[in-house]
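The residues making up each chain are set out below.
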Amino acid sequence: SSPAFLPSTGPDAADTLRRRLAPVLRLTEAEILSLIPDRSGIYFVGCPNCDGGTQEGQISWSIEHPHEIFCKFCGIRYPNKKYPDDRILRIKNPAGDIVEYPYWEAPTPPPRPSPASLPGPDPEEGYRHFFQAKGWYLAREYFADAAYDLAVLHFLTGDRAYARRSALILNRFAEVYPGYCVHYDLPFQ
């Protein structure tokens, strides 16, 4: 059968994908599955250590250090001793399970008021930084892209090992996705 959307098949396409996927290809299948988050992440998480970047978009994640996130501007890694994930928000997910979202709470309220359609921050509440949830969001995006790239690499090479890894990632997402919480993700919320 022929794919609905034919991937790029240039002369270097397979080598380019192998280079991009090298970190995933070095992992065992168990390691890959353990890095796919079982909770939905949060996109907008700011760096409390600096004011580089805009709209809480300065935090990043890498497969080389999958259990921490870092600021693209000041380089600090989270969580850490100064900004520990020392509090827990417990919520019920769509599957009915109670899930935990660790966070660090700044002593001050959010830096901007909420839109009129959303309730404003409690004046007694500080600003919550969900460092691990930012990592979960970015890891989810990374592995979704990796699953696609592995499928394309299988298409280009015929190597079933690439198809297997892609299928493992997709299967893991199918297992955890029903528990992902749907949320309204805005900067400074």
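Residues numbered from 1 in each chain as written. Predicted model: local features only at pLDDT ≥ 70, side-chain atom pairs only at ≥ 80, totals over all residues. Heavy atoms only, no water.

**Student:** Account for the overall build of the protein chain, with residues named and values stated.
**Tutor:** The secondary structure content of the protein chain amounts to 4 helices and 6 strands. Helices (α) and strands (β) of the protein chain occur, in sequence order from the N terminus, as α-α-β-β-β-β-β-β-α-α. Expressed as a percentage of the 189 residues in the protein chain, the buried residues total 39%. Of the roughly 11100 Å² of accessible surface on the protein chain, a fraction of 54% belongs to carbon and sulfur atoms. (Helix = DSSP H or I, 4+ residues; strand = E, 2+ residues; numbered from the N terminus. Buried < 20%, exposed > 50% of the residue type's maximum accessible area, 1.4 Å probe, protein only. Areas by Shrake-Rupley, 256 points an atom, 1.4 Å probe, with all protein chains shown as cover.)

**Student:** If you had to explain unusual backbone geometry to someone new, which residues and values would you point to?
**Tutor:** Of note, the amide linkage connecting Tyr-78 to Pro-79 takes the cis form, showing an omega dihedral of -15 degrees. With respect to the element layout, Pro-79 can be found in the loop between strand 3 (77-78) and strand 4 (87-92).

**Student:** Lay out the nonpolar core in plain terms, naming residues and giving numbers.
**Tutor:** Counting residues in hydrophobic clusters, the biggest one holds 44 residues, and the most contacted among them are Tyr-78, Phe-143 and Ile-169. Breaking this core down by element, the ones donating at least two residues are helix 1 (13-26), helix 2 (29-35), strand 1 (59-62), strand 2 (65-71), strand 5 (98-106), helix 3 (131-157) and helix 4 (160-176). At 12 residues, the largest contribution of residues to this core is made by helix 3. Look past the residues within four positions of Phe-143 in its chain and what remains in contact with it is Val-24, Ile-32, Leu-35, Ile-36, Trp-61, Ile-63, Ile-169 and Phe-173. (Core = buried A, V, L, I, M, F, W, Y, C linked by side-chain atoms within 4.5 Å. Contact = heavy atoms within 4.5 Å.)

**Student:** Tell me about the side chain of Ser-166, and name the residues and values.
**Tutor:** Checked against the element boundaries, Ser-166 lands in helix 4. Of note is the side chain of Ser-166, whose polar atom sits 2.7 Å from the backbone oxygen of Ala-147. With residues near it in sequence (within four places) discarded, Ser-166 still touches Ala-147, Leu-150 and Ala-151. (Polar contact = N/O pair within 3.5 Å; in protein donor to acceptor, adjacent residues only side chain to side chain.)

**Student:** An account of the environment of Gly-10 is needed here, citing residue identities and associated values.
**Tutor:** Structurally, Gly-10 is set in the segment before helix 1. Of the residues examined, Gly-10 reaches a relative accessible area of 33% and is grouped as partly exposed. Considering only alpha carbons, one finds Gly-10 and Leu-156, 146 residues apart in sequence, at a separation of 9.7 Å.

**Student:** Any details on the sheet that holds strand 6 (residues 127-129)? Residues and values, ideally.
**Tutor:** Pairing is antiparallel in the open sheet, where 3 strands are placed in the order 4-5-6. Two strands in the sheet have a free side with no partner beyond their single neighbour: strand 4 and strand 6. Adjacent strand axes in the sheet meet at a mean angle of 50 degrees when their direction is disregarded. Bridge analysis of strand 4 against strand 5 gives 6 bridges, and the strand direction is antiparallel. Following the sheet pairing, Lys-92 is matched in strand 5 by Ile-98. (Pairing = 2+ DSSP bridges. Axes fitted to C-alpha atoms, helices over the stretch in contact; angles between N-to-C directions.)

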